[in-house]
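# Remarks on the overall topology
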Number of protein chains: 2
Amino acid sequence: MTTQRALRAISIVCFALIFGGAATAQAADALPSWEDGKAKESIIAFVANVTQEGSSDFVPPNERIAVFDNDGTLWAERPMYFQVLFALDRVKALAPHHPEWEDKEPFASLLKGDVKGAMADGMKSVVEIIMATHAGMTTAEFETIVSDWIATAKHPTTKRPFTEMVYQPMLELLAYLRENGFKTFIVSGGGIEFMRPWSEKVYGVPPEQVIGSSIKVKFEMHGGKPVLVRLPELDFYDDKEGKPVAIHQQIGRRPIAAFGNSDGDLQMLQWTTAGQGPRFALYVHHTDGEREWAYDRNASMGRLDKGLEEAKAKDWTVVDMKQDWKVVYPSTTTSSTRAQDGFTKK
Amino acid sequence: MTTQRALRAISIVCFALIFGGAATAQAADALPSWEDGKAKESIIAFVANVTQEGSSDFVPPNERIAVFDNDGTLWAERPMYFQVLFALDRVKALAPHHPEWEDKEPFASLLKGDVKGAMADGMKSVVEIIMATHAGMTTAEFETIVSDWIATAKHPTTKRPFTEMVYQPMLELLAYLRENGFKTFIVSGGGIEFMRPWSEKVYGVPPEQVIGSSIKVKFEMHGGKPVLVRLPELDFYDDKEGKPVAIHQQIGRRPIAAFGNSDGDLQMLQWTTAGQGPRFALYVHHTDGEREWAYDRNASMGRLDKGLEEAKAKDWTVVDMKQDWKVVYPSTTTSSTRAQDGFTKK
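Residues numbered from 1 in each chain as written. Chains lettered and ligands numbered in written order. Predicted model: local features only at pLDDT ≥ 70, side-chain atom pairs only at ≥ 80, totals over all residues. Heavy atoms only, no water.

### Details of helix H9 (residues 192-203) of chain B
Residues and elements named next belong to chain B.
- Across its 12 residues, H9 extends only 14 Å between first and last C-alpha, which sits more than 12% below the 16 Å expected from 1.5 Å per residue.
- Looking at H9, one finds that the buried residues are Ile192, Glu193, Phe194, Met195, Arg196, Trp198, Ser199, Val202 and Tyr203.
- Looking one or two residues beyond H9, the residue adopting positive phi is Gly204, at roughly 75°. (Helix = DSSP H or I, 4+ residues; strand = E, 2+ residues; numbered from the N terminus. Expected span 1.5 Å × (residues − 1). Buried < 20%, exposed > 50% of the residue type's maximum accessible area, 1.4 Å probe, protein only.)

Here it is, written out as structure tokens:
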């Protein structure tokens, strides 16, 4: 081998090392938990299309913005939103400091284990519980509370940690998009500070790419040290029409791909697909009552009704969880009997 | 050369190609427009410190968040904030559609060229002018208006395009930090949608890393197509105590480095430096009345008073523009007589 030939070999190998990753990621195996079928094909075709240099549909990496709903899209949302379960646990933990809650609704019912009774006033009850449990401390204190809870709490029926109630196929999809130059964002109706302490570790989505509902915070000096205090006042409700608004205010650029599971995500999918050039919209349809939960048009949480109609009319991708996903949840570190959990497809 | 030796050579060259960039960037020449001195040294020492793997001060790349004020820190702010000049131009452009402005302040005075008279009511006048010129259209329409203006408007005294009134040493600093794994954000009192159309091209800061003041927007369907309409209502004022609040809500992680030029940036610098581990705070001090403008304690815009005291007390870096910067503005594409412009140091 001459030196010239060696240098040529070096260039080729370096090129392969540097750029080979993207090509490999485009192979079908980047989504091993997805069954072959229309949903998987539509994802791969879209990514191939926008990343093909020289093509008229090519989208430069800085414009490859993908937005994901969280509850019901990246992780489960049954028996109720996990953040509500967190809030109920917080009510129990805080009860000793609030003797007045014994006679005060919705806390009194909650502490007797009567969740349905506590929710008698609907949204008003939820807001009271959220404000009592999510405000009145510094942002650093709240981050610790969430981190401790997520590290220890278990799902009421599956007994899994909540961070293992995420959808394995969606984890693969997030990684696949990032390997292809996409910047992935979460745009959730859930609380922004409830997701940020663990979103990077679990989803690979850093705090600055998490958008959600928020309460107001106030800058104060405590003993010469600046803190941000969480106030019992809604700042922004990131659902329905709020999602495109939050995307505009926080990202400032229209996404080219959007992923959701409910009518609460519809405006986000509409806003995303109304842009110029190639666009992608996907609904996760909860069809698997055995491995997960089956619900759509008549659900009280995560209702998918109008969105399903619009998806059909506009030929958006609809994932049939039962048909399209080989597994639902990732294998656990605590359980070696994954196949027996009923989480893998028989 | 044997094949084995060739492979070994390949590995070494690849390693150098992949990792060599960062090492080169750490050389002093990454900041060629900065005079050698305390300010430049403090920047380089901080970056070397947090990027030194194995050191107790090492900060992983995902936590290397740097925040920059815009007006007076990344570009000039005289004779008044450039966004105000934009608003005044918009009043003139819109006047034919608003015959009522002839008798209505602050517009009547403005249209007669009496800026001082127009500002007689202070903040109230400014808000009226901003709302009349920044609201009432879709977000896409406003983006076009800003893009057109920034491409054509000239600074009243230097006659330069406003995008050439940015500070060359700060452009180098932004690039130097990014080459060392930092994520750079703008956190400005200025309007977020006034900066986003050009921040990526001029500063290398993409829209999703721009934070600023904002007005409310509303999701609407216009003829079956979703749009966001800009409303004449303040959403968030990103100044003073607002800056740490916005950093928390939009980044969700405390920066490790903060750069400002006025008392309006003080809380951002306090919040940044109050975190654990190595932190960096820098004030740009406007000391150069010849090449730029000299002002600090008694300025009506960009006042630096309390901040200067705190910087001294806490040993923050203070850039003396006259001493520390070899050049102020980048060389222009339109002018080949840069040295004669008075922008380079004699």
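From this point on, the discussion continues.
### Things to note about the pairing of strand S3 (residues 210-222) of chain B
Residue and element names in this part refer to chain B.
- With three bridges joining them, strand S2 (residues 183-191) and S3 adopt parallel strand pairing. Paired with Val187 across the bridge in S3 is Ile211.
- In this sheet, strand S4 (residues 225-236) lies alongside S3 in antiparallel orientation, the contact comprising eight bridges. Bridged to Met221 within S4 is Pro226.
- Where S3 hands over to S4, the hairpin turn is made up of two residues, of which Gly223 adopts a positive phi near 60°. (Pairing = 2+ DSSP bridges.)

### What about the pattern of salt bridges?
- If you walk through the whole model with that rule in mind, you get 33 salt bridges over all chains.
- The shortest N-O distance in the salt bridge between Asp239 of chain B and Lys240 of chain B comes to 3.6 Å.
- With relative accessibility at 18%, the residue Asp239 of chain B sits in the buried group.
- Counted as one network, the salt bridges with shared partners bring together Lys183 and Arg253 of chain A together with Glu200 and Glu208 of chain B. (Salt bridge = Lys/Arg side-chain N within 4 Å of Asp/Glu carboxyl O.)

### Notes on the sheet that holds S2 of chain B
Residue and element names in this part refer to chain B.
- Strand order in the open sheet formed by seven strands is S4-S3-S2-S1-S5-S6-S7, and the pairing between neighbours is mixed. The sheet terminates laterally at S4 and strand S7 (317-320), the two strands that pair on one side only. Averaged over neighbouring strand pairs, the angle between their axes works out to 30° when direction is ignored.
- Sheet strands in contact with helix H6 (residues 123-134) are S3 and S4, and its direction is about 180° off that of S4. (Axes fitted to C-alpha atoms, helices over the stretch in contact; angles between N-to-C directions. Contact = heavy atoms within 4.5 Å.)

### Some points on unusual backbone geometry
Residues and elements named next belong to chain A.
- The step from Glu105 to Pro106 runs through a cis peptide bond, and the omega angle for that step is 0°.
- In this structure, Pro106 sits in the loop between helix H3 (82-94) and helix H4 (107-111).
- Of note in this structure, Asp315 is not a glycine but carries a positive phi near 60°.
- On the secondary structure map, Asp315 appears in the loop between helix H12 (306-314) and strand S7 (317-320).

### Observations concerning the confidence of the model for chain A
Residue and element names in this part refer to chain A.
- Residues with a pLDDT of 70 or more make up 88% of chain A, whose mean pLDDT is 90.
- This stretch, residues 12-26, has a pLDDT under 50; its non-local contacts, to residues over four places away or in other chains, come to 17 contacts.
- Low pLDDT, under 50, characterises residues 334-346; the stretch is placed with 28 contacts to residues that sit more than four places away or in other chains.
- Predicted as a complex, the structure gets a pTM of 0.89 and an ipTM equal to 0.88. (pLDDT = per-residue confidence, 0-100.)

### Overview of the relation of the copies chain A and chain B
- Of the two same-sequence chains, chain A is brought onto chain B (RMSD 0.0 Å, axial shift 0.0 Å) by a rotation of 180°. Such values leave the two copies arranged in the relation of a two-fold axis.
- An overlap of 100% is found between the interface residues of chain A and their copies at the interface of chain B, pointing to a shared contact surface. (Least-squares fit on C-alpha atoms with pLDDT ≥ 70 in both.)

### Overview of the nonpolar core
- By size, the foremost hydrophobic cluster in this structure holds 68 residues, and its most contacted members are Trp34, Phe68, Trp75, Met170, Leu173, Tyr203 and Phe259 of chain A.
- In terms of residues, this core owes the most to one element, H3 of chain A, which gives eight residues.
- Those residues within four positions of Phe68 of chain A in sequence are excluded, and the remaining contacts are Leu74, Met170, Leu173, Leu174, Leu177, Thr184, Phe185, Ile186, Val187, Phe259 and Met268 of chain A.
- The next biggest cluster of nonpolar side chains, apart from the first, holds 67 residues, and it includes Ala39, Tyr167, Tyr176 and Ala257 of chain B. (Core = buried A, V, L, I, M, F, W, Y, C linked by side-chain atoms within 4.5 Å.)

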